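# Breakdown of the fold
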Amino acid sequence: MTPPRAAVVRAAWQPMLFGPPNRSDLATCVASWPLQTLRVRVHRNHGFEPVSSAMRAFGVWNALAFDWTIGAYDDSLAFDLRSDAEVDVVWLDTTRIALADGEALGRWIAARLLALRAQTDNPIVVLAWPLDERARAVVDAASIPSTWLAGLAQLESSIGDRWLDSRAETISGTKLGNRACLHIARELACKWLPAAVLPPRKAVAIDLDDTLYRGVLSEDGADRVVLTDGHRELQRRLRALREEGVLLALVSRNDRSDIEELFARRGDFPLRLTDFVTVEASWNDKAKALGEIATRLRIALDAMVFVDDNAGELASVASSLPVFTVHAQRDAGRTATAIDHVAGIFRWRHSDEDRLRADDLRASTIRGELLEAAKSHDDYLRSLDIELDILVGPTQHVSRLAELSAKTNQFNLALRRIDEAEIIRRIRGRPENVVAIRLADRLSDSGIIGLIVGSRTEDVLLVDEVCVSCRALGRRLEDSMVTGALMIMAGHMAPRQVWFALRKGPRNAPAREWLSRYANCSLDDDSQRVEIPFERIAATPVSPAIRVNVVQ
Amino acid sequence: MTEGSAQIESEVRELVLRFLELADEPHREIRRTSVDQWDSLKHMEIVFALEDRYDVRFDESEFAELDSPAAIARALRRHLAA
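Predicted model only: the values in this text are computed from it and were never measured. (Residues numbered from 1 in each chain as written. Chains lettered and ligands numbered in written order. Predicted model: local features only at pLDDT ≥ 70, side-chain atom pairs only at ≥ 80, totals over all residues. Heavy atoms only, no water.)

## Points about the overall build of chain B
Our working definition: Strands are runs of DSSP state E lasting at least two residues, helices are runs of H or I lasting at least four, and both sets are numbered from the N terminus onward. For the radius of gyration, the atom set is restricted to C-alpha positions; the globular benchmark scales as 2.2 Å times the number of residues to the power 0.38. Any residue under 20% of the maximum accessible area for its type is buried, any over 50% is exposed, and the rest in between are partly exposed; the area is computed with a 1.4 Å probe on protein chains only. By definition, residues are in contact when any of their heavy atoms lie within 4.5 Å. Using the Shrake-Rupley algorithm and a 1.4 Å probe, accessible areas are obtained, with residue cover drawn only from the displayed protein chains. Just so you know, the count uses Lys and Arg for positive and Asp and Glu for negative, and it drops His and the chain ends. Lys charges are placed at NZ, Arg charges at CZ, Asp charges at CG and Glu charges at CD.
Looking only at helices and strands, chain B has three helices and zero strands in total. Reading the helices (α) and strands (β) of chain B from amino to carboxyl end gives α-α-α. The C-alpha radius of gyration of chain B comes to 12 Å, within 12% of the 12 Å expected for a compact globule of 82 residues. With the C-alpha coordinates aligned to their principal axes, the bounding extent of chain B is approximately 35 × 30 × 20 Å. Counting all 82 residues of chain B, 46% fall into the buried class. Counting contacts in chain B only where the partners sit at least 6 residues apart, residues at least 24 apart contribute 43% of the total. Of the accessible surface of chain B, which amounts to about 4,600 Å², a share of 46% is contributed by carbon and sulfur atoms. Within chain B, one finds 11 positive and 19 negative side-chain charges whose respective centroids are separated by 2 Å.

## Quick word on the interface of chain B and chain A
Stated formally: Accessible area that two parts lose when put together, evaluated with a 1.4 Å probe and summed over both, is termed the buried area. Salt bridges are defined by distance alone: a side-chain nitrogen of Lys or Arg within 4 Å of a carboxyl oxygen of Asp or Glu. Any pair of nitrogen or oxygen atoms within 3.5 Å is treated as a polar contact; in protein, a donor-acceptor pairing is required on top of that, and neighbouring residues in sequence qualify only through side-chain atoms on both sides. The classification used treats Ala, Val, Leu, Ile, Met, Phe, Trp, Tyr, Cys and Pro as nonpolar, Asp, Glu, Lys and Arg as charged, and all other residues, Gly among them, as polar.
Each partner contributes residues to the interface: chain B has 18 residues there, and chain A has 18 residues. The three residues of chain B that bury the most area against chain A are M44(B), F48(B) and D52(B), which together make up 36% of that side's buried surface. Between E51(B) and R167(A) there is a salt bridge, with the nearest N and O atoms lying 2.5 Å from each other. Seen at the junction of chain B and chain A, the total is six residue pairs in polar contact (both at pLDDT 80 or more). Where the side of chain B that touches chain A is concerned, the elements lending two or more residues are α1 (3-20) and α2 (40-54) of chain B. No other element matches α2(B), which puts ten residues into the side of chain B that touches chain A. Among the residues forming the side of chain B that touches chain A, the class breakdown is nine nonpolar, one polar and eight charged.

## A few points about the pairing of strand β12 (residues 434-440) of chain A
Residues and elements named next belong to chain A. Inclusion rule: DSSP bridges decide pairing: two strands pair if at least two such bridges lie between them.
Here β12 lies mainly inside the structure; five of its seven residues are buried. In this sheet, β12 lies alongside strand β11 (residues 387-392) in antiparallel orientation, the contact comprising six bridges. Following the sheet pairing, E387 is matched in β12 by A440. Here β12 pairs with strand β13 (residues 445-456) via seven bridges, running antiparallel. Counterpart to I437 in the pairing with β13 is G450.

## Examining the pattern of salt bridges
This model, assessed by the stated rule, comprises 56 salt bridges over all chains. Note that E261(A) and R265(A) form a salt bridge whose closest N and O atoms lie 3.7 Å from each other. In this pair, E261(A) and R265(A) are both assigned in helix α12 (residues 256-265), four residues apart and thus about one turn of the helix distant. In this structure R265(A) comes out as partly exposed when scored by relative accessible area, which is 45%. Close ionic contact of D360(A) with R471(A) constitutes a salt bridge, the shortest N to O distance being 3.1 Å. In this pair, D360(A) sits in helix α16 (residues 352-373) while R471(A) sits in the loop between β14 (460-468) and α20 (478-490), placing the two residues 111 residues apart along the sequence. R471(A) sits in the buried class, given a relative accessible area of 6%. By sharing partners, the salt bridges in this structure join D165(A), R167(A), E51(B) and R57(B) into a single network.

## What about the sheet that holds β12(A)?
Residues and elements named next belong to chain A. Just so we agree on the cut-off: Inter-axis angles, ranging from 0 to 180 degrees, are taken between N-to-C directions of lines fitted to C-alpha atoms, where helices are fitted over the stretch in contact.
The mixed open sheet is built from seven strands, whose spatial order is β16-β15-β14-β13-β12-β11-β17. Taken across any chain shown, the strands that pair with only one partner, and hence form the sheet edges, are β16 (529-533) and β17 (547-551). Here the average twist between neighbouring strands, direction ignored, is 25 degrees. Packed on one face of the sheet, α20 meets β11, β12, β13, β14, β15 (497-501) and β17 and runs near 45 degrees to β13. Against the sheet, helix α21 (residues 509-519) engages β15 and β16, with an angle of about 30 degrees to β16.

## Some details on the packing of helix α5 (residues 102-119) of chain A against helix α6 (residues 133-141) of chain A
What describes two packed helices is the angle between their axes and the distance between those same axes. Residues and elements named next belong to chain A. We apply this condition: The sense of a crossing depends on the near helix, which, turned anticlockwise from the far helix by less than a right angle, makes the crossing left-handed and, turned clockwise, makes it right-handed.
Orientation of α5 relative to α6, taken along the N-to-C sense of each, is 35 degrees, at an axis distance of 7 Å. Crossing of α5 over α6 shows right-handed handedness. Counted together, G102, E103, L105, G106, R107, I109, A110 and L113 of α5 and R134, A135, V138 and V139 of α6 form the full contact between these two elements.

## Structural notes on the sheet that holds strand β2 (residues 64-73) of chain A
Residues and elements named next belong to chain A. Pairing within the open sheet is parallel, and its five strands lie in the order β2-β1-β3-β4-β5. Edge positions in the open sheet fall to β2 and β5 (147-149), since each of these has one partner strand only. Shown here is a sheet whose adjacent strand axes are inclined to one another by a mean of 20 degrees, direction ignored.

## Things to note about the packing of α16(A) against helix α17 (residues 377-384) of chain A
All names here are of chain A. The test is simple: By the definition adopted for this analysis, an angle is roughly parallel if under 35 degrees, roughly antiparallel if over 145, roughly perpendicular if from 65 to 115, and oblique otherwise.
With their axes 9 Å apart at the nearest point, α16 and α17 run at an angle of 140 degrees to one another. With respect to α17, the axis of α16 lies oblique. Taken as a pair, α16 and α17 cross one another with a handedness that is right-handed. Between α16 and α17, the contacting residues are R367, L370 and L371 on the first element and H377, Y380, S383 and L384 on the second. Residues that form the contact of α16 with α17 fall into these classes: four nonpolar, two polar and one charged.

## Some words on the confidence of the model for chain B
Residue and element names in this part refer to chain B. The condition that has to hold: pLDDT runs from 0 to 100 and stands for how confident the predictor is about each residue.
Across chain B, pLDDT averages 90, with 95% of residues at or above 70. Confidence, expressed as mean pLDDT per element, reaches its minimum in chain B at α1 with 88 and its maximum at α2 with 95. Both scores are given for the predicted complex: the pTM is 0.83, the ipTM 0.91.

Rendered as structure tokens:
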């Protein structure tokens, strides 16, 4: 099936997937387009099949397939599944675990999760029900890396009486009713598993007319377009996403002055024009506008979600760009639900850096003007008053570092996707083996934007990974960041050589081009290692226009 | 069999075949005992899908008798008439 046809089919599925779920309707959502397969291992003590069997349609809508290995019922959670997987799910009916109270249950679950953590570096998604607040607090307090406890209690309260089904256990092996299993399937397929494994979406580009309100601005006028309850809900949800660090862009075939007037006049809109980091108002092709937005935001096109009420427009965009498309429905509340269920929109955790992203992007426009006006690159750097912190073995920032490793595509040398558990293990082995880079200038605080991971032998400093957030690119600071970090990682006994591990990926040309310049060598597509004499790196000066602080 | 009854049985047959991932053949007999794919997990999916499709709730004691499109249609007619 071609991408434009797939966009239209996915739009037609939305009412079935994001209305009240219905197993009969879900079975009709069968299509063939390329899917990314996630291998999932399930450790369980009750029936999981009513959930897994309902996940296919939600996965396919998100271009995902699930390859399950489901263990036997095991109340002891011995974790004896040995199959290969990318993520582990623990599916637990706690009523089968005879323990005195919530605290004891929480301690037991935490101990079992630590046992699983010792076996695997995979992310772990835990679906335990029922789980009182005390038990949950004990599990949370264990702070087990890359382990995520899903909020089934919220789903239970939203479903009410149909959460349990006294008849279900005889045919499904679980006390949970069909309705509960369908809702869990939707959250697991669209939110919880993708958030554990896949990079997040970074931007939502949204149409205006009949999408953010009901009506057509150029025909109805700013005062007469209608903010229905559903549109209010959609706008509120988009605003919440913005506060969580998702970038919002407006793509509209309207005059910019009309759009400015609309937002100025409509104080009842939850969204303000300033909530959008960029506004593309033109009568041009929307695919072209989206391409320009991705360039401006320095994000990959597949990290962007495009929302429009015109399925033909979605198909047209899908014919040329790999953006993820969502159909804006007449009931805009359903549109909000669909956006929430795009894989990569939900995140298990929001970092400070997520929230800084929009301000940082606005600052980049001013930086561009300063660069044009500066007499030299050092003058430009001085004008920015840049401060670079090199954080050595930063245990308090492990989650952000794992996020950087998972998310960066353009400046990611080896694409190793190092997770929290591995970062912690490396820091425990030798703190200097993991270095984080924090960046601020007078225009914005970018937060932690770089990760360099390596290891030492007697003669060699092996650099296993270098990741730099795309937000930090464009200031030509990469040499200073990496050289500064390598001097710390080398330690007191200077190595003879530095070996950079690398792997060519679909989007990491910027990192490879940087390394080619830094090492003064050309790279083949198959190159897996670049060797540089350490003395050459040691002789590369960190720009004097940058203040560098080492934080041990 | 009335037209409405035939319609229900036809819909049920289509639903069952979809869940069993079988192509329809006009004279094919679809019974749980004679179709390998109709295992306990597929039975669970079919029962829940029928409940969703027709907004009915089978009694636990009925689960086992829902073993062919004709038997399912009979049970559905009972529920829909009640």
